[in-house]
Amino acid sequence: MGGRPAVEQLSSVPGIRDIGAQFIVSEIGTDMGRFPSEGHLISWAGLCPRNDESAGKRRSNRLRKGAPWLKTTLVQCAWSAVRKKGSYLQAQFLRLKARRGPKKAIMAVAASILTAIYHMLKDGTLYQDLGSNHFQNRSKGQQTNRLIKRLADLGYDVALTPRTS
């Protein structure tokens, strides 16, 4: 696949417009055969934490150096993407920001964007947003346990009884 169709594909991702798409394609290319998986691409770009451990102690979890220009562009695109209301990327950002802070959350969104780019270029598809309610619909049991734990943290005892409809 040539460069122009790839740029049009990447422009379908929220937060990425023509210039950003051109830059991303120029940095990673259009042939995803070089990367065995999306994890390899994310690692090459430097969007995953280092694994610096010695004697069982985690010494550093800062980001790898990777491709600094690509990382900067993806973070700028991620900041733009989280402003789109009702999108999966905004839901992911808000969910992670509450626990880990805005900077780590935006790096996770940038990694998600790069994962989507990998699959789009590999399969030749356009971006398909999962929607803002993706995390709520994932697993009812998981959500139930999370909410029970949240209420217990707030000081309430919770007893669940199934509702008869």
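One structure accompanies this document, and this report is about it. Owing to the predicted nature of the structure, the values given are computational and were not obtained by experimental measurement.

Quick word on the packing of aromatic side chains
Counted under the stated rule, the structure contains two aromatic pairs. On the numbers, 5.8 Å between centres and 55° between planes, the contact of phenylalanine 35 with tryptophan 44 is tilted. With relative accessibility at 8%, the residue phenylalanine 35 sits in the buried group. When its relative accessible area of 36% is taken as the criterion, tryptophan 44 is described as partly exposed. When the ring of tryptophan 79 is compared with that of phenylalanine 93, the centres are 5.6 Å apart and the planes differ by 65°; the resulting orientation is edge-to-face.

So, the pattern of salt bridges
Per the stated rule, a full pass over the model turns up one salt bridge. The salt bridge partner of aspartate 153 is lysine 149, with a shortest N-O separation of 3.3 Å. In this pair, aspartate 153 and lysine 149 are both assigned in helix 8 (residues 140-153), four residues apart and thus about one turn of the helix distant. For aspartate 153, a relative accessible area of 52% translates into the label exposed. Residue lysine 149 is classed as exposed on the basis of its relative accessible area of 52%.

Quick look at the packing of helix 2 (residues 18-28) against helix 4 (residues 68-81)
The geometry of a pair of packed helices is captured by two quantities: the angle between their axes and the separation between those axes. Look at helix 2 against helix 4: their axes get within 10 Å of each other, and the N-to-C directions meet at 150°. Between helix 2 and helix 4, the crossing angle belongs to the class labelled roughly antiparallel. Two packed elements cross with a definite hand, and for helix 2 against helix 4 that hand is left-handed. For the pair formed by helix 2 and helix 4, the contact residues are Gly20, Phe23, Ile24, Glu27 and Ile28 on the first element and Trp69, Leu70, Thr73 and Leu74 on the second. Counted by class, the contact of helix 2 with helix 4 contains six nonpolar, two polar and one charged residues.

Description of the side chain of threonine 73
Turning to its location among the elements, threonine 73 is positioned in helix 4. Dropping the residues within four chain positions of it, threonine 73 is found in contact with Gly20, Phe23 and Ile24.

Let's talk about the packing of helix 3 (residues 38-45) against helix 6 (residues 102-123)
At a minimum axis distance of 9 Å, the contact between helix 3 and helix 6 shows a crossing angle of 130°. On the basis of their axis angle, the class for helix 3 and helix 6 is oblique. Crossing angle aside, the handedness with which helix 3 passes helix 6 is right-handed. Within the contact between the two elements, helix 3 uses Glu38, Leu41, Ile42 and Ala45 and helix 6 uses Ala111, Leu114, Thr115, Tyr118 and His119. Of the residues contributing to the contact of helix 3 with helix 6, the split by class is six nonpolar, two polar and one charged.

Conventions we followed
Residues numbered from 1 in each chain as written. Predicted model: local features only at pLDDT ≥ 70, side-chain atom pairs only at ≥ 80, totals over all residues. Heavy atoms only, no water. Phe/Tyr/Trp six-rings, centres within 6.5 Å; stacked < 30°, edge-to-face > 60°. Buried < 20%, exposed > 50% of the residue type's maximum accessible area, 1.4 Å probe, protein only. Salt bridge = Lys/Arg side-chain N within 4 Å of Asp/Glu carboxyl O. Helix = DSSP H or I, 4+ residues; strand = E, 2+ residues; numbered from the N terminus. Axes fitted to C-alpha atoms, helices over the stretch in contact; angles between N-to-C directions. Parallel < 35°, antiparallel > 145°, perpendicular 65-115°, else oblique. Left-handed = near helix turned anticlockwise from the far one by under 90°. Contact = heavy atoms within 4.5 Å. Nonpolar A, V, L, I, M, F, W, Y, C, P; charged D, E, K, R; others polar.

It is worth stressing that arrangement in space is one thing and function is another; only the former is reported here.
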